[in-house]
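# Descriptive analysis of the structure
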Amino acid sequence: MMKTKRGFIFSIIALSIMLSFSLSTQTLAEEVTGITLEKYLEQYKGVAIKDPAYIAQLEKERKEYGISARDIQVMNLYYMKFMQFKTWDVAFGRLPLLREDGQVRERVVTRQQMTMPPESGIEVKGNFAFLSPNEVRGMKALMITYYSPTKESDYWMYVPSLRKIRRISAADRDDSFFGSDCTWADAADIKVDEEKHRILREAPYPTQWDAKIYDEPDTAAWEHVFDPSCAGKVGEERDKCQGIKNNYPFKFPLDPGRKPVTDNLGPMCYVVESIPQWPTYYAKKITWYHKDYKFSLCQDYYDERGRHIKYFKRTYIKIGEQPGVPGTTWSQNWWFVKTLTTGHATFHDVISQVANTPIKEYQFTQSSMVGTGR
Amino acid sequence: MSAKRKNILSLKILILLVMVFSVMAFMCQCAFALETGSPRLEVWGYVQNESAWHYTSNPGLKNIFKYKTVAPGLGNFGHPAAFLVNRLSQQNIVKNRDSLMMFENSFNMKMLYKILDCQNQKLSVFGRIYTLVDSVNDLTNDIGWRAGGLPGARRGEGNAGHYYRNDMHWRTTERIPREFYVDYNIPQMDLRIGKQMIVWGEIDGFRLLDLVNPFDLREFILDDYEDSRIPQWSVDLKWRFLENKPDQYLEFVFIPDFEANQIMKEGSQWAVDELKVYYAGDRAFSYVDKYNLFSRRYHYENKYSEPAETIENSNYGVRYGGVKQMKGGALSYTFSYLYTWDYSWAPFVKGWYMPGVGNVNSHHSIPGITDLFLLAPTTIERKYNRIHVFGATFNKVIGKWAFRGEGALSLHKYLAVDPLLSGKNGQSMERKGNTLDYCLGFDRTVFTDWFLSGQIIQNIVLDAPGHMVKGLSLKERKALDTHFTFVVSKPFKRFNDQVGISALIAYGTVGEWWMAPKIWWEVTQNIKASLGAQIFLGQHYDTLGQFNRNSNIYTMLKYSF
């Protein structure tokens, strides 16, 4: 009898708490300010560069090209970090890991991000979670990056098998990002002045579609992105294929017949060489930056012997506040990275993404990393 | 399962269902607003086989009770009770070094139903079914128990199947519904009500603050925490009390449900030596009582009691967590307080039998003289005790090193002392005392993908009482106990990270080791295979060393769905 009474009182109290909180939810209106490109660039103006030769080179580039390689990289980071959005929400993304022998390990992920006001000192807060397969389901990463050019980013990872949150050292940025070919540094966590940048030339992005991608085994892994009839075509024939005009909502089964954005093909680019100033696995990186938008379309990594060890390709689409409806702001769509030394590749297909959804800051806290059933 | 427990269980499930549907009724304007198009019901889990083989034989521990301090004149005979205790002990044995140790098939299925899935408001129900069948005793006669025996008592050899994880067998149902709770998440709070696991703490392998739930220790600490942690009916509320600083939270835990640690049964392979002494002693004193070996006046009683499930007996906890932004990066911290039951019982000796005097409740001991005549306890009472645990944790990155640590100050914890030497009122072998446990650890990755992790763990008894012992064995316990752990793991790029190795090494400064190397292979996305070993080195009665005859090689095959 005592237990029955206790259980009843207990459930009434709990129910009341739940309801009172739910009613006050609507009154919470947390505005997060997005940051403009101009504001973002300003952050980097005050940073003193000490190498006079590098300063002179950047000055020379400004005269010659109207922009320096370093400025291009800052602008690229602006897009890579989605700084133009207040919030960014990828409800579903696929992350197949592709072995050289054709075996595919599929990953389904979800990702969210929030741009913080500059006065907080925090640039963005982001999270990244695995929905499948079950071996990694519930694994979640929390990332905080800072405006300060010297302050390292902070990472935490929730490990469902331990039901514990683990701290990850930011200095381990050469680590694989959850088994992919992407490192933590590739996941938009590299400071501008951790590399020295130099414009090599201006050149049109190769209109011939990179056959290397189509040469990858098991193209079925991403055939829903491309029109299969485009596969294997090169040159003008390839350019006739239609590009993606907008992003798509997530559906089962995945829609075949999606096509890459043709804007990736042919635009004028700045070709920039970046030499890392920190001990890392590559000695040189060549990036093709879209001349108008400054986002990177392709990056080639070379080791100290000059061997081509990795390439990273990105595509961009314009997204809005509704999934499946084109918007006005550029955002990354799918990307593909291949480690040439192992033949292993990773493809990330952003299936559904929206901008400026009412995500709240609590979703980027350790207390919210423990999901239901994890 | 008793009828009483069944009634309580059905009542709890009913309350949960009423709450879920009530909440749905109030929130139907948002219900089923699945913007992502994701199906509301998710089901996933795995089936797994884990097999292990001994690589040492085990004749059983002879003369488990060797207490000589109070009777030095008796030489190897030792304390008068020792003969009976040793003769009636029942030991696990392993006849051959390649004997099958485990053939465990487990099934784990999780179900998640999202009732409400708005961007900033979620309501879900989660359930987990977990069961296993260990068929080892149907497959081998090489492992089992051996008893010395005395006239009229059990003796000979037998099958440990009656003791080893028998109540986890599929024929019983008590623990098959493993978790069942409702989650409600909004920006201000996360509320979880139902049968659940609550995990506190930062460290691996040792549990300093991870004391909220009891554990199933019948396979020592080798089981995954997911399987060995025992869920309880409870409420867990995380309240983000500052709107502009949501990374700070207060957590309130309320557990009206009592569950005890599941300990090893007599004769099981993972019975710790202290428990072997308890089981043997219990058997010996019952024997003496049954056959009136001392006197007709001697009566032995073994009492066991669990706390009633009342509000007063509920466990409470509060935790404050946050992130402090510092120049070199963020510092994560928590401070906690837990008022809980110590889920392991403590044995209280309530009286002794003294020849010529009879039953005495207390005595003034004169070591070596008085105690020689204290032959046997008249009453042993196994009880659970309330403790206060104050805790703190942190994690912080400095350079390439991720540091973490936790500390626990436990008050009113029962500590075993030698009842025959510990002073003037030696009728009980338990003293209340305080302990301070802490751990400092690091994680570091080197050479791109070699993951290293190390920990130092120290357990300190504050103001340690004199003649402190490990338990009923009356082996001396030191006030400071130190362990080190080291983990290394590496996936192989050559095999596209689908093959990897790892090793755990734990060392106790008393001279004990636990080494667990492993190689794993992700055969496909759903199938994972592992081959590993558990190697124990050390002496009896030491935490890890006592299993030096349980070293084994194992395989694991897991299919996830």
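Residues numbered from 1 in each chain as written. Chains lettered and ligands numbered in written order. Predicted model: local features only at pLDDT ≥ 70, side-chain atom pairs only at ≥ 80, totals over all residues.

## Description of the overall build of chain B
Each helix and strand in chain B was counted, giving 5 helices and 24 strands. Residues counted as buried form 37% of the 561 residues belonging to chain B. Sequence separation of 24 or more characterises 65% of the internal contacts of chain B that already satisfy a separation of 6 or more. (Helix = DSSP H or I, 4+ residues; strand = E, 2+ residues; numbered from the N terminus. Buried ≥ 20, exposed ≤ 12 C-beta atoms within 10 Å, placed from the backbone. Contact = placed C-beta atoms within 7 Å.)

## Some details on unusual backbone geometry
Of note in this structure, Asn356(A) is not a glycine but carries a positive phi near 55°. Mapped onto the fold, Asn356(A) is located in the segment after strand S15 (345-355). In this structure, Asn63(B) takes a positive phi of about 50° despite not being glycine. With respect to the helices and strands, the residue Asn63(B) is situated in the loop between strand S1 (41-54) and helix H2 (80-87).

## Section: the pairing of strand S18 (residues 430-446) of chain B
Across a regular strand the side chains alternate sides, sitting on one face of the sheet and then on the other. All names here are of chain B. In this sheet, S18 lies alongside strand S17 (residues 401-416) in antiparallel orientation, the contact comprising 13 bridges. Looking at the pairing, Arg404 lines up with Gly441 of S18. Where S18 meets strand S19 (residues 450-462), 13 bridges bridge the pair, whose relative direction is antiparallel. Looking at S19, one finds that Val446 is bridged to Trp450. Counted along the chain from S18 to the antiparallel partner S19, the turn is 3 residues long, and its residue Phe447 has a positive phi close to 45°. (Pairing = 2+ DSSP bridges.)

## Things to note about the confidence of the model for chain A
Residues and elements named next belong to chain A. Averaged over every residue, the pLDDT of chain A is 74; the share at 70 or more is 71%. In the model, residues 209-235 has pLDDT below 50 throughout and makes 47 contacts with residues more than four positions away in sequence or in other chains. For residues 241-264, every residue scores under 50 in pLDDT, and the model assigns this stretch 68 contacts once sequence neighbours within four places are set aside. (pLDDT = per-residue confidence, 0-100.)

## What to know about the confidence of the model for chain B
Residue and element names in this part refer to chain B. The pLDDT averaged across chain B works out to 84; a share of 84% of its residues lies at or above 70. Predicted confidence in chain B is weakest over helix H1 (residues 3-26), with a mean pLDDT of 55, and strongest over strand S11 (residues 249-255), with 97. Low pLDDT, under 50, characterises residues 24-38; the stretch is placed with 21 contacts to residues that sit more than four places away or in other chains. Scored as a whole, the predicted complex attains pTM 0.84, and scored at its interfaces, ipTM 0.86.

## A few points about helix H4 (residues 69-80) of chain A
Residues and elements named next belong to chain A. Along its 12 residues, H4 runs 16 Å from first to last C-alpha, staying within 8% of the 16 Å computed at 1.5 Å per residue. Counted residue by residue, H4 has 11 buried out of 12 residues, so it is predominantly covered. For H4, every residue scored as buried is listed here: Ala69, Arg70, Asp71, Ile72, Gln73, Val74, Met75, Asn76, Leu77, Tyr78 and Tyr79. Phe82 occupies a position one or two residues after H4 and carries a positive phi of about 60°. (Expected span 1.5 Å × (residues − 1).)

## Here we look at the sheet that holds strand S2 (residues 90-94) of chain B
Sheet strands associate in pairs through backbone hydrogen bonding, adopting either a parallel or an antiparallel arrangement. Residues and elements named next belong to chain B. Spatial strand order, S2-S5-S6: 3 strands in an open sheet with antiparallel pairing. Two strands lie at the open edges of the sheet, namely S2 and strand S6 (156-158), each paired on one side alone. Strand after strand, the sheet turns through a mean of 30° between neighbouring axes, direction not considered. Of the pairings in the sheet, the one linking strand S5 (residues 143-147) to S6 comprises 3 bridges and is antiparallel in character. The residue of S6 that forms the bridge with Arg146 is Glu157. (Axes fitted to C-alpha atoms, helices over the stretch in contact; angles between N-to-C directions.)

## Observations concerning the pairing of strand S24 (residues 552-560) of chain B
Residue and element names in this part refer to chain B. Note that S1 and S24 share 9 bridges and pair antiparallel. Following the sheet pairing, Val47 is matched in S24 by Tyr559. Bridging between strand S23 (residues 527-537) and S24 involves 8 bridges; their strand directions are antiparallel. Residue pairing for S24: Ala533 is matched across the bridge by Ile553.

## Here's the deal with the packing of helix H2 (residues 37-45) of chain A against H4(A)
Helix-helix packing is characterised by the crossing angle of the two axes and by the distance between the axes. Residues and elements named next belong to chain A. One can describe the packing of H2 onto H4 by two numbers: an axis separation of 10 Å at closest approach and a directional angle of 130°. With respect to their mutual orientation, H2 and H4 come out oblique. The two elements H2 and H4 cross, and the hand of that crossing is right-handed. Mapping the contact onto sequence places Leu37, Tyr40, Leu41 and Tyr44 in H2 and Val74, Met75 and Tyr78 in H4. (Parallel < 35°, antiparallel > 145°, perpendicular 65-115°, else oblique. Left-handed = near helix turned anticlockwise from the far one by under 90°.)

## Description of the environment of Glu321(A)
Residues and elements named next belong to chain A. Looking at where Glu321 falls in the secondary structure, it is placed in the loop between strand S13 (308-319) and strand S14 (329-339). When the C-alpha positions of Glu321 and Gln43 are compared, they lie 28 Å apart, and in sequence the two are 278 residues distant. Non-local contacts of Glu321, meaning those with residues more than four positions away in its chain, are made with Gly327, Val354, Ala355, Asn356 and Thr357.

## Concerning the environment of Gln546(B)
Residues and elements named next belong to chain B. By the element assignment, Gln546 lies in the loop between S23 and S24. Take Gln546: there are 22 C-beta atoms within 10 Å of it, and that puts it in the buried class. With 505 residues separating them along the chain, Gln546 and Leu41 place their C-alpha atoms 46 Å apart.

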